[in-house]
Amino acid sequence: MESKGTLSPASEAEARAAFEAVGPTAQRAVREAAKAMEFDREEYRERVTSDVVERTRNVLFADRLAVTVGSRAEFESWLDDHPDYEVETIGSDEVDRVAWHAAPFAETVLAATFQNEPEAAVETLRRQAFGRLYRPRFEGDDADDGVEGEKEEGADR
């Protein structure tokens, strides 16, 4: 098994604090990107909207989410050790590998199955976890994003 990312909030308050903490970083990242693209003041005001910063914040948050990558047997063993978790799976039951993110505060584990391309599975899983588990809780914080929570077929790579 392999772990990627470090963020596995135990509570909704912890998740919200982590989400809020990446806001200033998102603002700086967008500002630096605009400088690199040589936006003048007018173009900056016109193009760098709150939506642009918010989408950046969402990506920064989602990219930190802890994901475990392992075999189907390892995932099944994890499930045996966490019987109270609701399981949501993206992908096919016919493949050998699984990437998963557990959200203790929601008692939910979201999993993406894959055969090859673990990085693609991890990124798909992070987008899905943000859209399904976190964004609905942050929506009162103007968390409209662009990291969509719709089902993505083809996660079995």
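A. Summary view of the environment of Asp84. Counting through the fold element by element, Asp84 comes out in the loop between helix H5 (72-81) and strand E3 (86-90). Spatially, the C-alpha atoms of Asp84 and Glu107 are 6.7 Å apart, while their sequence positions differ by 23 residues.

B. Fine view of helix H2 (residues 23-36). With 14 residues, H2 should reach 20 Å at 1.5 Å per residue; the first-to-last C-alpha distance of 20 Å fits that figure. Of the positions making up H2, those classed as buried are Gly23, Ala26, Val30 and Ala34. Burial along H2 is one-sided: seen end-on, the buried residues are contained in an arc of 70 degrees. Facing away from the buried side of H2 by over 90 degrees, the exposed positions are Lys35 and Ala36. Backbone geometry just downstream of H2 places Glu38 in the positive-phi region, at approximately 60 degrees.

Rules of the game
- Residues numbered from 1 in each chain as written.
- Predicted model: local features only at pLDDT ≥ 70, side-chain atom pairs only at ≥ 80, totals over all residues.
- Heavy atoms only, no water.
- Helix = DSSP H or I, 4+ residues; strand = E, 2+ residues; numbered from the N terminus.
- Expected span 1.5 Å × (residues − 1).
- Buried < 20%, exposed > 50% of the residue type's maximum accessible area, 1.4 Å probe, protein only.
- Arc of directions from axis to C-beta.

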